[in-house]
Amino acid sequence: MQKIIQPAGQLSGSLDLPGDKSISHRYAILASLAEGRSVIRNFATGADCHSTLGCVGALGIPVSVEGATVTIEGRGLDGWTRPGSDLDAGNSGSAMRMLAGPLAAQPFSSCLIGDESLSRRPMDRIIEPLSRMGALIEAREGRFAPLSIEGRSLHAIDYASPVASAQVKTCVLLAGLFCEGDTVVREPMRTRDHTEIALREFGASITIARRVTTLTGRPALTGRELTVPADLSSAAFFLVAASIVPGSHLVLRGIGLNPSRSALLDFLLSAGASIRIVNMEHVNGEPIGDLEVTGGALRGGEISGELAAALIDEIPVLAVLGAVSDQGLAVRDAKELRVKETDRIATVVANLRRMGVSADEAPDGFTVPGRQQFRGATVDSFGDHRIAMAFAVAALRAEGETVIENAEAASVSFPGFYELLESCRS
Ligand code: S3P
């Protein structure tokens, strides 16, 4: 599908965004391993989290979906049953990596498959710790999906992860649920902690000391009612859109503001954006609030070190902000971008250049000089949801119209994105 986007005069309105993708995956999996019914409201509407729901259903757990409300009838830690066919994680790295943990501990075999993009993403980062726990997993070339998992009894480990990845941490902790004793994960940098918060909500015993997380195995998890905050990573597209289109004013309601994700807000503020947080509260252990953003002059900035890990999903749209800021954007220490849904260093730079914006590519990042003008052009999502949405935002500040090829990729995390963006024009 092609999407044509015209430049915007200004953006305004008050928006409700879809539920957080990261949190929705975790709630779905934990609800399926808990005893009793869980009702999850504002569940992410994108294809990714529905892949997780599909897998949970295929494992014999009743799942019903009514709009954004998902009801899961969990049957406890030992309630999954042998799936009748392969488990399809679609485009979702989170679905595949997180489900692999509990699957490795089942008394049956299973096979996790994914689409073309997911089948090119590294799975050795989870195969390695799971194998140390006693798992038996066969992968194409030892590191790519399909993953054939021969379930067996696992033992707890103390794992120092070489990659800063919340998906890896989650995979090991979810496998640790099935082990006697304590499973410990040590991270090189602190990553998002939604798993830890959700595990506590469902009744597990977990301790966190800086970058070390310890989970006690075989907890009794109990089904519950939960509400997913709106997704800050989806909000990022609207925060940048309103920031770069002068005269804009948007309110984004009920956004998840977990400190392990909200480096985005600190970065945007340091880059000169005008954002106010109001109505802060906590829902199921996660902080949420409304964000009020106003367009204006932007300084730009630099993303490196721990900040690169904390902003990894938002870097494509921050590149757009960088191009129209005074000082531009320099990204370093972000080689993980190369193994996302696409090689996001290559796809960001390619689309920037198509829109007449210069950018320099490096092995672990890129530099976009500031004070540049986007020109309407034909860009490509390359099948990557965040690339599609980032360049829809760039189109708002372009001279002339922009065509986005393969624009439907946005629905992986944000069905209705283009319509919502259009509804903000004033
Ligand atoms: C996620 C963790 C990050 C992020 C992804 C979602 C999660 O991936 O990029 O979109 O929900 O845990 P990594 O764990 O691979 O860094």
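Rules of the game
Within any chain, residue numbers begin from 1 and follow the written order of that chain's sequence. Owing to the predicted nature of the model, reporting of local features is limited to residues with pLDDT of at least 70; listing and counting of side-chain atom pairs is limited to 80 or more, with chain, interface and lining totals taken over all residues. The side-chain figures draw on all heavy atoms in the structure; neither hydrogens nor water molecules are used. Any Lys or Arg side-chain nitrogen located within 4 Å of an Asp or Glu carboxyl oxygen qualifies as a salt bridge. Helix numbers and strand numbers start at the N terminus; a helix is a DSSP run of H or I with at least 4 residues, a strand a run of E with at least 2. By this definition, two strands are paired if DSSP reports at least two bridges between them. For helices, the axis comes from a line fit to the C-alpha atoms of the stretch in contact; other axes are also lines fit to C-alpha atoms, and the angle between any two N-to-C directions lies between 0 and 180 degrees. Disulfides are defined as pairs of cysteine sulfur atoms found within 2.5 Å of each other. When a residue's accessible area, from a 1.4 Å probe over protein chains only, is under 20% of the maximum for its type it is buried; when over 50% it is exposed; and in between it is partly exposed. Note on terminology: angles under 35 degrees are roughly parallel, angles over 145 are roughly antiparallel, angles of 65 to 115 are roughly perpendicular, and the others are oblique. Crossings are sorted by hand: turned counterclockwise from the far helix by less than a right angle, the near helix makes the crossing left-handed, and turned clockwise it makes it right-handed. Two residues form a contact once any of their heavy atoms are found within 4.5 Å. Here the term charged refers only to Asp, Glu, Lys and Arg, the term nonpolar to Ala, Val, Leu, Ile, Met, Phe, Trp, Tyr, Cys and Pro, and the term polar to all other amino acids, Gly among them. Marked domain ranges trace back to an automatic or database domain assignment. Accessible area that two parts lose when put together, evaluated with a 1.4 Å probe and summed over both, is termed the buried area. Polar contact criterion, stated in full: a pair of N or O atoms within 3.5 Å, where within protein one must be able to donate a hydrogen and the other to accept it, and residues adjacent in sequence count only if both atoms are side-chain atoms.

Participant: Looking at this structure, I do not really get the pattern of salt bridges. What am I missing?
Facilitator: When their charged atoms lie close together, side chains carrying opposite charge are able to pair. The full count for this structure, using the stated rule, is 31 salt bridges. One salt bridge in this structure joins Glu187 and Arg190, with 3.0 Å as the shortest N-O distance. Taking the shortest distance from any N to any O, the salt bridge between Asp384 and Arg344 comes out at 2.8 Å. Of this pair, Asp384 sits in the loop between β22 (378-380) and α12 (385-396) while Arg344 sits in helix α11 (residues 344-354), and the two are 40 residues apart along the sequence. Residues participating in the shared-partner salt-bridge network are Arg121, Arg192, Asp313, Glu341, Arg344, Asp384 and Arg386.

Participant: What should I look at first to understand the sheet that holds strand β5 (residues 69-75) in this one?
Facilitator: Whether parallel or antiparallel, the strands of a sheet pair through hydrogen bonds between backbone atoms. Reading across the sheet, the 4 strands line up as β4-β5-β3-β14 and stay open at both edges, with mixed pairing between neighbours. On the outer flanks of this sheet lie β4 (63-66) and β14 (225-227), each paired with one strand and no other. Strand after strand, the sheet turns through a mean of 15 degrees between neighbouring axes, direction not considered. In the sheet, strand β3 (residues 35-41) pairs with β5 via 6 bridges, with the strands oriented antiparallel. Bridge pairing in β5 links Ile40 to Val70.

Participant: What should I look at first to understand the state of the cysteines in this one?
Facilitator: Where two cysteines share a covalent bond between their sulfur atoms, that bond is called a disulfide. Overall, the coordinates contain 0 disulfides when judged by the stated rule. Between Cys179, a free cysteine, and Cys171, which holds the nearest cysteine sulfur, the sulfur-to-sulfur gap is 11 Å. Residue class for Cys179 comes out buried when judged on its relative accessible area of 0%.

Participant: Before we go on, may I ask you to explain the packing of helix α3 (residues 93-104) against helix α4 (residues 124-132) in this structure?
Facilitator: The interhelical angle for the contact between α3 and α4, taken along N-to-C directions, is 20 degrees, at an axis separation of 10 Å. By the angle class used here, α3 and α4 are roughly parallel. Crossing of α3 against α4: the hand is right-handed. Counting all contacts with α3, which are made through Arg97, Ala100, Gly101 and Ala104, the residues of α4 involved are Arg125, Ile126 and Leu130. Broken down by class, the residue content of the contact of α3 with α4 amounts to 4 nonpolar, 1 polar and 2 charged.

Participant: Please explain the domain arrangement of the protein as it appears in this structure.
Facilitator: Often the size quoted for an interface is simply the accessible area lost on bringing the parts together. According to the domain assignment, the protein consists of domain 1 (3-18 + 229-423) and domain 2 (21-227). If you average the C-alpha positions of domain 1 and of domain 2, the two centres end up 28 Å apart. Taken together, the contact between domain 1 and domain 2 spans 26 residues of the former and 26 residues of the latter. Across the interface of domain 1 and domain 2, roughly 2,300 Å² is buried in total on both sides, 46% from carbon and sulfur atoms. Counting every contact that joins domain 1 to domain 2 gives 3 salt bridges. With a shortest N-O distance of 3.3 Å, Arg192 and Asp313 are connected by a salt bridge. At the junction of domain 1 with domain 2, the criterion picks out 14 residue pairs in polar contact (both at pLDDT 80 or more).

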